[in-house]
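A closer look at the structure
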Amino acid sequence: MIPYARHEISPSDVSAVVSLLKESSLTQGSMVPLFENKISSRVGSKHAVAVSSATAALHLACIALDLKKGDYLWTSPNSFVASANCALYCGANVDFVDINPRTYNICVNALEEKLVIANKLGNLPKIIVPVHFAGQSCDVERIFELSRYFGFKVLEDASHAIGGLRGDYPIGSCKYSDAAVFSFHPAKIITTGEGGMVTTNCDVTAERIRMLRSHGITRNPHLFENSVAGDWYYEQLDLGFNYRLTDLQATLGNSQADSLDLILKRRQDIVNRYNIALSSLPIELPYLDGRNLSANHLYVITVKAESKVNRRQLFDHLRGLGIFVNVHYIPIPAQPFYRRLGFEVKDFPEALNYYENAISLPLFPSLLESEQAFVIDSIAKAFQ
Ligand SMILES: *Cc1c(COP(=O)(O)O)cnc(C)c1O
């Protein structure tokens, strides 16, 4: 069986985790700050705050960016449900903006039109969550411009995108946003088992998220409301959660981050081979905006409408051969939970059309050339 994604654990990952188990704290030790520093220096952000998942990162970032009951958060329908759920955790409302049919990212023209209408109706969103789908940046400069004009915050869902670039800026640098989140789930570019990170250049946002990830508690005497009663003393200043990343996970993350360039290179090589080998088939290959360097989290092909083989047939054909292709994503508004909130997927025709034709091919660093050749050959045969 060839999966669509597979995490890579190197011998140095194993020895790093084993030596931590023998020598150091399992949680709340020094490895989390080390991992945070490594990520913030890699992406060029002032702060990085590690948490237990990207879902937790989105939740805490929404609170820190002041999302409250009655507010609106808008995101892309072509994402994992967590990009939208974070709004509902805060008692806020969610809405979606359809995608660009070439990049599969949020369509900035549609966003602008929707903002103009919302401005007239007086229900502008407080936060927009652009999702850097498959590892390719959204049009962040224009989204940022709109955010300054209409007065909303930008929270990038960069779960797919660590190592990607927008022009000269690493994704997560927050050059054009208020905060960004990464996921370290095993299906993503680098992993900590489960894990996530918020990056931001705002001191207040970073401090708030640090406190919220650990029950809303601080041990920093400068922040205390009362005087220090003794060495045991701490204060809970806010209602937080236990969303901490463990040192065990951070150790794995540190070691994984050291392999990031190698991982990205392997992914790029595989993408280059797919791009060449699949170019003459009746399928759309991923489009890359010239300003982007993708982290290549997913390689999505879409079956053309005029093709004699439809998506379901191609998908079943490949699964039948042991090639565990997948589909990213079922549009969030099509999920039963969201339909019960009143959403209808037909209101997002580009996301729906994309979804009906998309297949994610196997893409991970240890994919063998022979396995990839089998995938390519199997797709070609389906169209013969
Ligand atoms: C994986 C993913 C998430 C959630 O990440 P977790 O770390 O599993 O919580 C959120 N958004 C997108 C776009 C994702 O792909």
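Shown above is the structure to which this text applies.
A brief structural summary. (Residues numbered from 1 in each chain as written. Predicted model: local features only at pLDDT ≥ 70, side-chain atom pairs only at ≥ 80, totals over all residues. Heavy atoms only, no water.)

Along the chain, H328 connects to Y329 via a cis peptide bond; the corresponding omega equals 0 degrees. Along the chain, Y329 turns up in the loop between α10 (311–320) and α11 (336–340). With phi around 60 degrees, Q28 is a residue other than glycine that occupies positive phi space. Checked against the element boundaries, Q28 lands in the loop between α1 (11–23) and α2 (31–43). Although it is not a glycine, A134 sits at a positive phi angle of roughly 65 degrees. As for its position among the elements, A134 is in the loop between β4 (127–129) and α6 (140–150). Of the residues examined, A134 reaches a relative accessible area of 11% and is grouped as buried. (Helix = DSSP H or I, 4+ residues; strand = E, 2+ residues; numbered from the N terminus. Buried < 20%, exposed > 50% of the residue type's maximum accessible area, 1.4 Å probe, protein only.)

Let's shift gears to helix α4 (residues 82–89). Taken across its 8 residues, α4 has 6 buried, putting it largely inside the fold. All of the buried residues in α4 are A82, S83, A84, N85, C86 and A87. Looking at the packing, one finds that the buried side of α4 touches α3 (54–64), β2 (72–75), β3 (93–96), β4, β5 (153–157) and α11. Phi turns positive one or two residues past the end of α4, at G91, with a value near 80 degrees. (Contact = heavy atoms within 4.5 Å.)

The subject of this paragraph is the sheet that holds strand β1 (residues 47–51). What the 7 strands build is an open sheet, ordered β1-β9-β8-β5-β4-β2-β3; its pairing is mixed. Pairing within the sheet leaves two strands with one partner each, and these edge strands are β1 and β3. With direction set aside, neighbouring strand axes in the sheet form an average angle of 20 degrees. Sheet analysis places β1 next to strand β9 (residues 196–200), joined by 5 bridges and oriented antiparallel. Each bridged residue has a counterpart across the sheet, and for V51 the counterpart in β9 is G196. (Pairing = 2+ DSSP bridges. Axes fitted to C-alpha atoms, helices over the stretch in contact; angles between N-to-C directions.)

On to the pattern of salt bridges. Within the structure shown, the criterion is met by 21 salt bridges. With a closest N to O distance of 3.2 Å, E112 and R142 form a salt bridge. Of this pair, E112 sits in helix α5 (residues 108–121) while R142 sits in helix α6; the two residues are 30 residues apart in sequence, bridging distant segments of the chain. For E112, a relative accessible area of 34% gives the class partly exposed. (Salt bridge = Lys/Arg side-chain N within 4 Å of Asp/Glu carboxyl O.)

Lining the immediate environment of the ligand, one finds 16 residues, of which T55, D157, H160, S183 and K188 sit closest. Here an oxygen atom of the ligand and a side-chain polar atom of Y329 are 3.1 Å apart. Looking at the shell around the ligand, the elements that each hand over two or more residues are α3 and α4. Residue classes in the shell around the ligand are distributed as 5 nonpolar, 9 polar and 2 charged. (Near = heavy atom within 4 Å. Polar contact = N/O pair within 3.5 Å; in protein donor to acceptor, adjacent residues only side chain to side chain. Nonpolar A, V, L, I, M, F, W, Y, C, P; charged D, E, K, R; others polar.)

Time to look at the state of the cysteines. Within the structure shown, the criterion is met by 0 disulfides. Residue C86 stays outside any disulfide, its sulfur separated by 3.8 Å from that of C62, the closest cysteine. Left unpaired, C174 is separated from the closest cysteine sulfur, that of C202, by 10 Å. (Disulfide = S-S within 2.5 Å.)

In this section: the environment of F315. Of note, F315 is situated in helix α10. With sequence-adjacent residues up to four places away left out, F315 is seen in contact with V325, N326, V327 and I359.

Across the 5 residues that make up β9, a large majority, 5, are buried. Burial of β9 is two-sided: the residues G196, V198 and T200 facing one way and the residues M197 and T199 facing the other way are all buried. Pairing of strand β8 (residues 179–183) with β9 involves 4 bridges; the strand directions are antiparallel. Its bridge partner lying in β9, F182 is registered against M197.

Helix α8 (residues 247–258) packs onto α1 with a crossing angle of 150 degrees between their chain directions and a minimal axis gap of 9 Å. Looking at the two axes, α1 sits roughly antiparallel to α8. In this structure, α1 meets α8 at a crossing whose hand is right-handed. Contact residues: S12, D13, A16, V17, L20 and L21 in α1; D247, L248, T251, L252, S255 and Q256 in α8. Here the contact of α1 with α8 is built from residues that sort into 6 nonpolar, 4 polar and 2 charged. (Parallel < 35°, antiparallel > 145°, perpendicular 65-115°, else oblique. Left-handed = near helix turned anticlockwise from the far one by under 90°.)

A few words now on the side chain of T205. Tracing the chain through its elements places T205 in helix α7 (residues 203–212). The contact partners of T205, leaving out residues within four places of it in the chain, are A64, L65 and T200.

This brings us to α8. Helix length check: α8 (12 residues) gives 16 Å between terminal C-alpha atoms against 16 Å at 1.5 Å per residue, within 8%. Here α8 lies mainly inside the structure; 10 of its 12 residues are buried. Residues of α8 that are buried include every one of D247, Q249, A250, T251, L252, G253, N254, S255, Q256 and A257, and no others. Buried residues in α8 make contact with α1, α2 and α9 (260–277). (Expected span 1.5 Å × (residues − 1).)

This paragraph deals with the pairing of β3. Bridging between β2 and β3 involves 4 bridges; their strand directions are parallel. Counted as the bridge partner of T75 is F96 from β3. In terms of handedness, the path from β2 via α4 over to β3 forms a crossover that is right-handed. (Right-handed = clockwise from strand over helix to strand, strands pointing away.)

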